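Here is how the chains run, residue by residue.
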Amino acid sequence: MLASVAAVFATPAAAHHSFAATYFEDKQQTIEGDVVQFVFRNPHSFVHVEISDDKGGAQRWAVEWGSGQQLSGQGVNRETLKVGDHVVVVGSPGRNAEDHRMRMRSITRPKDGWKWSGTFQ
Amino acid sequence: MARFVGLVILVFTITVPPAFAQVDLSGVWGQRQHEDQQERGPGGELGDYLGIPLNDAARLRADSWDAALYGLAEWQCRPHGADVMWRSVHPLRVTKDIDPVTGETIAYHFNFDDLLDRVIYLDGRPHPPEEAAHTWAGFSTGKWEGDVLTITTTHLKEYILRRDGVPRSDLATMTEHIMRHGDFLTIFQIVKDPVYLTEPWILSTDFQFDPRANTTPELCEIEEETDHPKGWVPHRLPGTTTDAEEFAKKHNLSVDAVRGGAETMYPEYRKTLKPAAGTLGAQAAASQNAGPARAAAADVRVLKIRDNVYMLSGASGNMVVQTFAQGVTVVDTGLAQNADRALAAIKQLSTRPVVHIINTNADPDHVGGNEKLAAAGRRIPADIVAGDAAGAPEGPTIVAHEEVLARMSAPTGAVAPAPVRAWPTDTYHVDYKKLSAHFHGGEAIQLFHEKAAHTDGDSLVWLRRADVLVTGDLFTTTTYPVINLAAGGSINGVISALNHILDVAFFDYRSEGGTMIVPGHGRLCDASDVAYYRDMVTIIRDRVQDAIRKGMTLQQVKAAKLSRDYDPRYGSTTGPWTTDMFIEAVYKSLGGK
């Protein structure tokens with residue numbers, strides 16, 4: 001109960017886009033690849049992951065994550081992920097298939113078992 | 001006793017407020033998210049146009065809108081517009097500017113985490129002229145009416161009323177009434193938009209005094225997000241979305257009701273409702289609004305852009321004047337019949353002669369004043385051998401792409417479209433031309449040839465030190481782009497030029513300011529205004545391309561009104577460049593038969 005009250009009245013980072021308008025929030029997609037960039041910032045962080053596409057080429061995905069402020073409170077900092085880390089990401093796929101974008105639901109680094117899962121605004 | 005009276009007077013003087021005292025709004029005010037929390041926090045759902053008195057044009061724009069736009073560099077750092085910011089998640093910090101002499105509050109600052117810093121002028125100053133630049137905050141003046149602060153806001157940039165793409169145009173204005181009741185602040189706002197709303201959009205929002213609210217500035221820098229080809233503008237083609245049906249079904253509402261519109265906002269509408277989950281009804285066939293009134297040509301007006309750079313409007317095509325110690329550089333010269341007024345305006349800015357003229361294209365409203373301005377000026381450097389065939393002194397240099405000269409001149413013995421003294425004297429035929437800063441008061445000026453765009457001879461002119469771009473008819477704020485197919489223009493050339501403008505231009509911050517951009521016609525702009533225009537032209541190009549792919553004839557494409565969501569802002573059924581002419585030019589330019 002306390003957690004839900006806090007979720008309603010806490011000041012979240014502003015998303016100028018609507019999550020519901022940007023992502024299929026009722027769907028999930030999994031991608032696996034290497035981190036090529038980690039942008040730790042407000043209002044939202046991004047993990048850029050390069051995966052192999054159907055034709056064996058490289059495809060870059062942008063995974064939208066919480067604000068630096070929100071993630072800091074959950075033990076994530078700008079050194080948590082490094083370029084070259086192999087990760088498995090589960091997220092809500094973007095509505096525009098050409099955009100190769102997801103909203104983060106969970107991320108796992110198999111090499112050391114590190115994992116984050118949760119929600120953010 | 002005398003000491004007692006003196007004390008009373010002193011206390012009275014200290015405690016009685018001066019006559020101008022008003023309610024004090026300063027402090028930090030927390031937003032209260034019980035009002036539409038879903039919409040203002042995580043964001044609403046696609047297809048939800050409930051409670052907005054929008055028209056059919058707005059519906060189509062919202063239906064076509066794709067949130068992937070927010071990944072584009074020109075979109076990432078945009079704050080909410082002043083009207084929508086009230087319903088954001090950001091607290092309000094109010095500070096005030098005090099006149100040091102009178103002690104009066106002469107301005108309030110409404111700051112939302114530094115995303116938006118609205119200045120509310122209380123000193124009675126007028127609003128800027130219509131050709132001035134627009135901003136996310138707009139320009140606001142306030143006036144106390146009893147205990148209510150009434151604010152009038154103009155010069156807003158285009159924005160969205162709801163985060164599912166319902167648009168609000170840059171011609172909208174807003175009135176706000178702000179009331180303080182102890183620790184509560186109520187904002188009552190009325191937005192009028194002649195382009196996308198049929199009635200005012202009215203909303204009230206409450207804030208609570210909260211000195212502990214987190215007002216940490218929310219900074220933003222443009223980042224690379226996803227990979228796309230240059231010029232990619234995400235949107236959805238008409239008839240390909242089912243958002244309204246899905247939203248209506250999910251919430252057990254009538255589809256016609258979720259499409260919004262003034263008629264759906266009154267109690268009487270309930271009586272007309274059929275059972276929920278119907279198909280799109282009457283609104284789909286609603287007629288579009290008539291376009292907003294266009295300002296009639298008036299005297300030449302001067303708008304200062306930088307310390308020594310000015311925009312002159314009212315001579316038909318916009319002109320730019322750069323003044324320096326030795327002379328004046330003029331980009332475009334307006335219509336011939338307005339040249340005297342233009343020259344008079346230039347003389348008010350500098351007593352030095354016109355020494356350089358640059359033309360962005362060969363149209364009469366951009367080169368018409370060449371002859372008169374050239375006759376009134378002279379060239380530097382002065383040691384160039386002067387004189388023409390008639391023995392007149394050498395006039396200013398006139399710089400343009402060589403296709404401009406070709407269109408204005410004629411071979412010996414033939415009648416030329418323009419007099420010899422109006423012709424460009426210095427032309428280029430390669431991708432760009434750089435003009436020496438030495439002869440332009442230290443201003444490095446670069447001309448870029450934008451191929452096959454409005455015509456085949458368009459130049460984009462960049463005053464690099466002043467950071468001002470002059471676009472000619474590659475970009476306007478008053479009409480759809482004029483594509484002169486007979487003169488070598490094309491829709492893809494226009495889009496390429498608009499993307500090039502965005503490549504060259506910088507933002508100052510929050511997708512605003514920085515490089516100032518003077519369109520061929522209309523108001524002063526920055527890159528976000530060009531981005532909106534680029535988006536619009538690209539979307540219409542894609543729709544026409546899709547229609548051609550489906551085998552539609554030109555008449556069918558015109559009848560389909562594929563630009564009806566933008567027609568109230570840029571379209572016309574009369575005059576030299578109608579919507580039908582634009583669509584025909586796009587269709588033919590894309591190879592439609």
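About the cut-offs
- Residues numbered from 1 in each chain as written.
- Chains lettered and ligands numbered in written order.
- Predicted model: local features only at pLDDT ≥ 70, side-chain atom pairs only at ≥ 80, totals over all residues.
- Heavy atoms only, no water.
- Helix = DSSP H or I, 4+ residues; strand = E, 2+ residues; numbered from the N terminus.
- Buried < 20%, exposed > 50% of the residue type's maximum accessible area, 1.4 Å probe, protein only.
- Contact = heavy atoms within 4.5 Å.
- Areas by Shrake-Rupley, 256 points an atom, 1.4 Å probe, with all protein chains shown as cover.
- Rg over C-alpha atoms; globule rule 2.2 N^0.38 Å.
- Arc of directions from axis to C-beta.
- Phe/Tyr/Trp six-rings, centres within 6.5 Å; stacked < 30°, edge-to-face > 60°.
- Lys NZ or Arg CZ within 6 Å of the ring centre and 35° of its normal.
- Pairing = 2+ DSSP bridges.
- Axes fitted to C-alpha atoms, helices over the stretch in contact; angles between N-to-C directions.
- Domains from an automatic or database assignment.
- Buried area = accessible area lost by both parts, 1.4 Å probe.
- Salt bridge = Lys/Arg side-chain N within 4 Å of Asp/Glu carboxyl O.
- Polar contact = N/O pair within 3.5 Å; in protein donor to acceptor, adjacent residues only side chain to side chain.
- pLDDT = per-residue confidence, 0-100.
- Parallel < 35°, antiparallel > 145°, perpendicular 65-115°, else oblique.
- Left-handed = near helix turned anticlockwise from the far one by under 90°.

Helix and strand counts for chain A stand at 3 helices and 6 strands. Starting at the N terminus and ending at the C terminus, chain A contains elements arranged as α-α-β-β-β-α-β-β-β. Taken across its 121 residues, chain A has 51% of its residues classed as buried. At a minimum sequence separation of 6, the contacts of chain A that also span at least 24 residues come to 55%. Working note: accessible area of chain A is about 5,800 Å², and carbon and sulfur atoms make up 51% of it.

Attention shifts here to the overall build of chain B. A tally of regular secondary structure across chain B gives 16 helices and 23 strands. Since a compact globule built from 593 residues should have a radius of gyration of about 25 Å, the 27 Å found for chain B is in line with a globular shape. Dimensions of chain B along its principal axes, counting C-alpha atoms only, are 95 × 85 × 40 Å. Buried positions account for 55% of the 593 residues belonging to chain B. Pairs at least 24 residues apart make up 64% of the contacts formed inside chain B by residues separated by at least 6 positions.

Next up on the list: helix 5 (residues 243–251) of chain B. Each full turn of the α-helix corresponds to 3.6 residues, which orients residues three or four apart in the same direction. All names here are of chain B. If you check which residues of helix 5 are buried, you get D243, A244, F247 and A248. Projected down its long axis, helix 5 carries its buried residues within an arc of 125°, all on one side. Of the exposed residues in helix 5, those oriented more than 90 degrees away from the buried face are K249 and K250. Where helix 5 is buried, its residues touch helix 6 (255–258). A positive backbone phi angle near 55° is found at N252, which sits one or two residues after helix 5.

Residues and elements named next belong to chain B. If you walk through the whole model with that rule in mind, you get 19 aromatic pairs over all chains. Arranged with centres 6.4 Å apart and planes meeting at 35°, the rings of Y108 and F110 form a pair that is tilted. The pair Y108 / F110 is uniform in exposure class, with both members buried. Taken together, W86, Y108, F110, F112 and F207 form an aromatic cluster joined through their ring pairs. Seen from the ring of Y532, R78 lies directly overhead, with NZ or CZ sitting 4.3 Å from the centre. Positioned over the ring face of F209 is R180, at 5.7 Å from the centre of the ring.

Residue and element names in this part refer to chain B. An order of 19-20-21-22-23 is seen for the 5 strands of this open sheet, with the pairing classed as mixed. Sheet topology places strand 19 (432–435) and strand 23 (516–518) at the edges, where each strand pairs with a single neighbour. If you compare each strand with its neighbour and ignore which way they point, the axes differ by 20° on average. Relative to strand 21 (residues 458–463), strand 20 (residues 445–450) runs antiparallel, the two sharing 6 bridges. Counterpart to L447 in the pairing with strand 21 is V461.

A few words now on the domain arrangement of chain B. All names here are of chain B. For chain B, the assigned domains are domain 1 (21–209), domain 2 (243–281) and domain 3 (301–589). Computed over C-alpha atoms only, the centres of domain 1 and domain 3 are separated by 34 Å. The interface of domain 1 with domain 3 comprises 30 residues on the first partner and 26 residues on the second. Interface area for domain 1 against domain 3, summed over the two sides, is near 2,500 Å², with a carbon-plus-sulfur share of 52%. The largest per-residue losses of area from domain 1 upon contact with domain 3 belong to L60, E74 and E131, which jointly make up 25% of the total buried on that side. In this structure, the connection of domain 1 to domain 3 is made through 7 salt bridges. Between E74 and R534 there is a salt bridge, with its nearest N and O atoms 3.1 Å apart. Counting across the domain 1 and domain 3 interface gives 19 residue pairs in polar contact (both at pLDDT 80 or more). A total of 5 residues in the side of domain 1 that touches domain 3 trace back to one element, the largest contributor, which is helix 3 (residues 56–64).

Attention shifts here to the confidence of the model for chain A. All names here are of chain A. When pLDDT is averaged along chain A, the result is 86; 86% of the residues meet or exceed 70. Averaged pLDDT values for the elements of chain A fall to 37 in helix 1 (residues 2–9) and rise to 97 in strand 4 (residues 86–93). In the model, residues 1–14 has pLDDT below 50 throughout and makes 19 contacts with residues more than four positions away in sequence or in other chains.

Take the interface of chain A and chain B next. The interface is formed by 30 residues belonging to chain A together with 35 residues belonging to chain B. Summing the contributions of chain A and of chain B, the shared interface buries around 2,700 Å²; its carbon and sulfur component is 50%. Taken together, the links from chain A to chain B amount to 2 salt bridges. As a salt-bridge pair, A:R101 and B:E225 come within 2.7 Å of each other at their nearest N and O atoms.

The next thing to look at is the packing of helix 12 (residues 491–504) of chain B against helix 13 (residues 527–549) of chain B. The packing of two helices is summarised by the inter-axis angle and the distance between the axes. All names here are of chain B. Helix 13 packs onto helix 12 with a crossing angle of 155° between their chain directions and a minimal axis gap of 10 Å. Our classification of the angle between helix 12 and helix 13 gives roughly antiparallel. Here helix 12 runs over helix 13; the crossing is left-handed. In this structure, helix 12 contributes I491, N492, V494, I495, L498, N499, I501 and L502 to the contact, and helix 13 contributes A527, V530, A531, Y533, R534, V537, T538 and R541.

In this fold, B:E221 is placed in the loop between strand 11 (201–209) and helix 5. Residues B:E221 and B:C77 lie 144 residues apart in sequence; the distance between their C-alpha atoms is 6.8 Å. With sequence-adjacent residues up to four places away left out, B:E221 is seen in contact with A:R41, B:Q76 and B:C77.

Residues and elements named next belong to chain B. Contact pair helix 13 / helix 16 (residues 579–589): the axes reach a minimum separation of 10 Å and the direction vectors enclose 60°. Accordingly, the angle class assigned to the pair helix 13 and helix 16 is oblique. In the crossing of helix 13 with helix 16, the sense of the turn from one axis to the other is right-handed. Within the contact between the two elements, helix 13 uses I540, R541, V544 and I548 and helix 16 uses F582, I583, V586 and Y587.

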